[in-house]
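Observations on the three-dimensional arrangement
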Amino acid sequence: MIKHLLSIDQLSPSQIELVLHTADSFREVGTRTIKKVPTLRGRTVCNLFFEPSTRTRISFELAAKRLSADVINFTGDARSSLSKGESFKDTAQTLQAMGVDAIVVRHSSAGAPLRLSRWVEASVINAGDGAHEHPTQALLDILTIRNKLNRIDGLTVGLVGDIAHSRVARSNIHALTTLGAKVIVCGPTTLVPSDVARLGVEVADRLDDVLPRCDVLNLLRVQFERQRSGLFPSIREYRLLFGVDGDRMKKAKPNVLLLAPGPINRGVEVTPEVADGPNSAILDQVTNGLAVRMAVLSELSKAA
Amino acid sequence: MIKHLLSIDQLSPSQIELVLHTADSFREVGTRTIKKVPTLRGRTVCNLFFEPSTRTRISFELAAKRLSADVINFTGDARSSLSKGESFKDTAQTLQAMGVDAIVVRHSSAGAPLRLSRWVEASVINAGDGAHEHPTQALLDILTIRNKLNRIDGLTVGLVGDIAHSRVARSNIHALTTLGAKVIVCGPTTLVPSDVARLGVEVADRLDDVLPRCDVLNLLRVQFERQRSGLFPSIREYRLLFGVDGDRMKKAKPNVLLLAPGPINRGVEVTPEVADGPNSAILDQVTNGLAVRMAVLSELSKAA
Amino acid sequence: MIKHLLSIDQLSPSQIELVLHTADSFREVGTRTIKKVPTLRGRTVCNLFFEPSTRTRISFELAAKRLSADVINFTGDARSSLSKGESFKDTAQTLQAMGVDAIVVRHSSAGAPLRLSRWVEASVINAGDGAHEHPTQALLDILTIRNKLNRIDGLTVGLVGDIAHSRVARSNIHALTTLGAKVIVCGPTTLVPSDVARLGVEVADRLDDVLPRCDVLNLLRVQFERQRSGLFPSIREYRLLFGVDGDRMKKAKPNVLLLAPGPINRGVEVTPEVADGPNSAILDQVTNGLAVRMAVLSELSKAA
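**Comments concerning the interface of chain B and chain A**
- Counting residues at the interface gives 24 residues for chain B and 29 residues for chain A.
- Carbon and sulfur atoms supply 53% of the area that chain B and chain A bury against each other, a total of about 2,400 Å² over both sides.
- Residue aspartate 70 of chain B pairs with lysine 36 of chain A through a salt bridge whose shortest N-O separation is 2.7 Å.
- Across the contact surface, chain B and chain A share 10 residue pairs in polar contact (both at pLDDT 80 or more).
- Mapped onto the side of chain B that touches chain A, the elements with two or more residues apiece are strand E2 (70-75) and helix H3 (88-97) of chain B.
- Considered class by class, the residues forming the side of chain B that touches chain A number 6 nonpolar, 9 polar and 9 charged.

**A few points about the sheet that holds strand E3 (residues 102-107) of chain C**
Residue and element names in this part refer to chain C.
- One open sheet accounts for 4 strands, arranged E2-E1-E3-E4; its pairing is parallel. Of all the strands in the sheet, just strand E2 (70-75) and strand E4 (123-129) have a single pairing partner and so form its edges. This sheet shows a mean twist of 15° between the axes of neighbouring strands, independent of strand direction.
- In the sheet, strand E1 (residues 44-49) pairs with E2 via 6 bridges, with the strands oriented parallel. Each bridged residue has a counterpart across the sheet, and for asparagine 47 the counterpart in E2 is asparagine 73.
- Docked against the sheet, helix H12 (residues 282-303) engages E1, E3 and E4, running at close to 145° with respect to E4.

**A few points about the interface of chain B and chain C**
- Facing 29 residues of chain B, the contacting portion of chain C comprises 24 residues.
- Here chain B meets chain C over a buried area of about 2,400 Å², counting both sides, of which 53% is carbon and sulfur.
- In terms of surface lost to chain C, no three residues of chain B exceed Thr54, Arg55 and Ile58 of chain B, which account for 20% of the buried area on that side.
- Counting across the interface, chain B meets chain C through 4 salt bridges.
- Between lysine 35 of chain B and aspartate 101 of chain C there is a salt bridge; the shortest N-O distance is 2.8 Å.
- Inspection of the region where chain B meets chain C yields 10 residue pairs in polar contact (both at pLDDT 80 or more).
- Contributions of two or more residues to the side of chain B that touches chain C are made by helix H2 (54-66) and helix H12 (282-303) of chain B.
- When residues in the side of chain B that touches chain C are grouped by element, the largest group, 9 residues, is from H2 of chain B.
- Partitioning the side of chain B that touches chain C into residue classes produces 10 nonpolar, 7 polar and 12 charged.

**Notes on the pattern of salt bridges**
- Under the counting rule described, the total for this entry stands at 66 salt bridges over all chains.
- Measuring nitrogen to oxygen at the nearest pair gives 2.8 Å for the salt bridge that ties aspartate 208 of chain C to arginine 248 of chain C. Taken together, the positions of aspartate 208 of chain C in helix H7 (residues 207-210) and arginine 248 of chain C in helix H10 (residues 246-249) put the pair 40 residues apart, joining distant regions of the chain.
- With a relative accessible area of 23%, aspartate 208 of chain C lands in the partly exposed category.
- In this structure, arginine 266 of chain C engages aspartate 276 of chain C in a salt bridge whose closest nitrogen and oxygen atoms are separated by 3.0 Å. With arginine 266 of chain C in the loop between strand E9 (257-259) and helix H11 (272-275) and aspartate 276 of chain C in the loop between H11 and H12, this pair connects stretches of sequence that are 10 residues apart.
- Where salt bridges share partners, they join Glu17, Asp24, Arg27 and Arg146 of chain A into one cluster.

**Concerning the relation of the copies chain B and chain C**
- Superposition record for chain B on chain C: RMSD 0.0 Å, screw rotation 120°, translation along axis 0.1 Å. Each copy turns onto its partner about a three-fold axis.

**A few points about helix H3 (residues 88-97) of chain C**
- Across the 10 residues of H3 of chain C, 8 count as buried, placing the element largely inside the fold.
- Contacts from the buried residues of H3 of chain C go to H2 and H12 of chain B together with E1, E2, E3 and helix H4 (112-119) of chain C.
- Of the residues trailing H3 of chain C, glycine 99 of chain C is marked for its positive phi of about 80°.

**So, the domain arrangement of chain A**
Residue and element names in this part refer to chain A.
- Domain boundaries in chain A define domain 1 (8-133 + 289-301) and domain 2 (135-285).
- One C-alpha centre belongs to domain 1, the other to domain 2, and the line joining them spans 26 Å.
- Where domain 1 meets domain 2, there are 3 salt bridges.
- Where arginine 146 meets aspartate 24, a salt bridge forms, and the shortest distance between an N and an O atom there is 3.3 Å.
- Applying the counting criterion to the domain 1 and domain 2 interface returns 9 residue pairs in polar contact (both at pLDDT 80 or more).
- Those elements giving two or more residues to the side of domain 1 that touches domain 2 turn out to be helix H1 (13-29), helix H2 (54-66), strand E3 (102-107), strand E4 (123-129) and helix H12 (282-303).
- Ranked by the residues each element gives to the side of domain 1 that touches domain 2, the list is headed by H1, at 8 residues.
- Considering only residue class, the side of domain 1 that touches domain 2 consists of 12 nonpolar, 6 polar and 10 charged.

**Examining helix H2 (residues 54-66) of chain C**
Residue and element names in this part refer to chain C.
- For H2, spanning 13 residues, the distance from its first C-alpha to its last is 18 Å, which sits close to the expected 18 Å at 1.5 Å a residue.
- Across the 13 residues of H2, 13 count as buried, placing the element largely inside the fold.
- One or two residues past the end of H2 sits serine 68, with phi positive at roughly 75°.

**Things to note about the confidence of the model for chain A**
- Overall, the predicted model of chain A reaches an average pLDDT of 93, with 95% of residues at or above 70.
- For this predicted complex, the interface confidence reaches an ipTM of 0.92, while the overall pTM sits at 0.94.

**A few points about the packing of aromatic side chains**
- This structure, assessed with the given rule, holds 9 aromatic pairs over all chains.
- Ring geometry for tyrosine 238 of chain B and phenylalanine 242 of chain B: centres 5.3 Å apart, planes at 40°, overall tilted. Note that tyrosine 238 of chain B and phenylalanine 242 of chain B are positioned in helix H9 (residues 235-242) at a spacing of 4 residues, about one turn of the helix.
- These aromatic residues form a ring-pair network of at least three members: Phe50, Phe88 and Trp119 of chain A.
- Sitting over the ring of phenylalanine 60 of chain A, arginine 293 of chain A keeps its end group 4.9 Å from the ring centre.

Cut-offs applied
- Residues numbered from 1 in each chain as written.
- Chains lettered and ligands numbered in written order.
- Predicted model: local features only at pLDDT ≥ 70, side-chain atom pairs only at ≥ 80, totals over all residues.
- Heavy atoms only, no water.
- Contact = heavy atoms within 4.5 Å.
- Buried area = accessible area lost by both parts, 1.4 Å probe.
- Salt bridge = Lys/Arg side-chain N within 4 Å of Asp/Glu carboxyl O.
- Polar contact = N/O pair within 3.5 Å; in protein donor to acceptor, adjacent residues only side chain to side chain.
- Helix = DSSP H or I, 4+ residues; strand = E, 2+ residues; numbered from the N terminus.
- Nonpolar A, V, L, I, M, F, W, Y, C, P; charged D, E, K, R; others polar.
- Pairing = 2+ DSSP bridges.
- Axes fitted to C-alpha atoms, helices over the stretch in contact; angles between N-to-C directions.
- Buried < 20%, exposed > 50% of the residue type's maximum accessible area, 1.4 Å probe, protein only.
- Least-squares fit on C-alpha atoms with pLDDT ≥ 70 in both.
- Domains from an automatic or database assignment.
- Expected span 1.5 Å × (residues − 1).
- pLDDT = per-residue confidence, 0-100.
- Phe/Tyr/Trp six-rings, centres within 6.5 Å; stacked < 30°, edge-to-face > 60°.
- Lys NZ or Arg CZ within 6 Å of the ring centre and 35° of its normal.

Here's what the structure looks like:
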């Protein structure tokens, strides 16, 4: 197995398959009364988060604890030594010198996990770097689709929203096309990169045009802070064109699978009735995320 | 046993008895060198705190760890996904999907723990909801009284201070009257609800009038932020009428037991000489709080 | 063994030796796959930090976890009960009542750990108190020197920077002179106490004058916040007179050992080429810090 998980496009189909297979067995662990295995006993996992993210951090923290690892949280907030001007490299080397075995890193700069992996012997897991990649999110999306629809190959998956700034979109495009799915990206024209077709995806301006062909819809999170940039339409317009409500669902395939990386903005990307309805796999994604992160931590430790 | 601990008034006398009995045995664990039992090994307890509370959170965290559970802290501060507009329900469902076994929740809205309990399969423990209830506080108060005075039935307990806004008062009134104690509430008239007598308690304006009859005094914490509301008298006046100092203690029964939910404001509700004196059980309350929380986590897990 | 570690000057040479010897064995544990020993299983260690310090806190947290202790973090920030006006003594007594076995305390007031040790039965470890002491830092510095140069006795150690406000300097002076090293302190005249020679050290204004005689240089961290005080020269002047770069290194002994308590300000106390060069033991200090803290927690527990 590889030592670091920096991006999806470094993974071969068989490596993706291995992670999904391992995740399936860890998902079973999560259904037991004693949700704990000794796999990483005595190992140390550090969550190094330079951007706030309660959900992803807790998912990784719980994954590590269920593998019996010790976990330390190193958050780049006003109280940390990062605020004393410590460089990223010094932080990395300090964690290395403490004998940390795996570092889960979230950073606002694309490429930060790659740089980190060059400074340390620990395994590095990218938990989101700028607009680059968020590989465990793509892996949990894939796992959820496969468990619900029994395959990836041949499916048509619509990625809806702010494609340009989304690391989730980028990681999903790589993972889905690698495994043989067709990907359609769809969002406001200002938020779909003009050259995205080069990644082998179809581009659509209007969700309603492509909706009937999709087996899966992945509704990207609206980042309200982008609105100030002038690139984003009004929430009202977004909801009208890209929000999924009961009426729009009638145009979709009856068994269309709905995914959304949380936390969702209820009433914007998706209405509550649809988010909580029978087509939604949003909570399965959370469960699968924990299992995927256990699988990644476990598999990477074999290479370390 | 019940599955959730949302309020004291849901508990029968025998259920209260069971928690107190279990807490007694866990208190013994706290005196050992190895203060740990395997009861909740492999279970996950989440502290979900929407209001700051270091003491209560640490008490629950330590209780869970001494039961060998894994603990995650999900604090509703500026860095959490709660600040991204995530709804309470989405947070609840996310924790559920992660397989959390128990959620300890503090919230500024009365009834929030009840709503939470309807969304999740996990056990829900109310760690304080608005001005409604704080059941583990009442249980630890009861345990402390019983261990010191050998009974509850027939005792006279004075609750002193801001009765109207106190979840501690409300939970104590339920617990004490259920177990056969007489309760006298005493505080500034603006802070004693006019209809409180309906709960079966006696109401007094002046502490000195009722002090000689009390076997126990529970001195509620002065919330300085209430002062701005105009309902609260000056600190000087409060101290004069309701603060317990050495002089006032002379009017009380020689063995009167003094309780106070921490952190106390030394020199306001109680002077240091009294708080640290022989009648004070304030630190026993802390020790018993840990034992009560271990008992609650342990007993609820049997119903889950 | 002693029960509390409040300052270096309470330690005899043989007690220092015991800690260093124990630390050596724990450093070996840090090289194993399973970096965990059962020494403190079922014990509770509390990190009580009234000043922010990610590195020191994480080092103690990881040390405690590798000894199998349960760890709780009690940080004196805006969200803690400390902000509700709780006194230091009440916090101490609360931790005592919870059965905490060891308290690691950082505080802006010199002497705070001593006061704490009088209120609790738990072992107290000073993790830095004002400008007074930071004993585990001195122990890890000593351990690093001894492991690199095989002795302390007879060495000449230069402490460079803001001597007046440095607890690291004070603890190092005590430790080094106790073990027979010669200490030279060197810094801006406004930041070197006029009476420091009483501690048995040589005082130098100019680093270049004493550099050729030093076997070890310990470069204290520039606290930028001091600059506002008017006592500190400009960064440019500091760098010119006291910063260690490649040119200045040519005047030093070829095998001079470079230490610096992190996080360093690259380009101020030391240039990157020197900090990352062959004479630097900065990362060994981090590794040794973890081992020293494991040793201290372990040894103090024997007295408790």
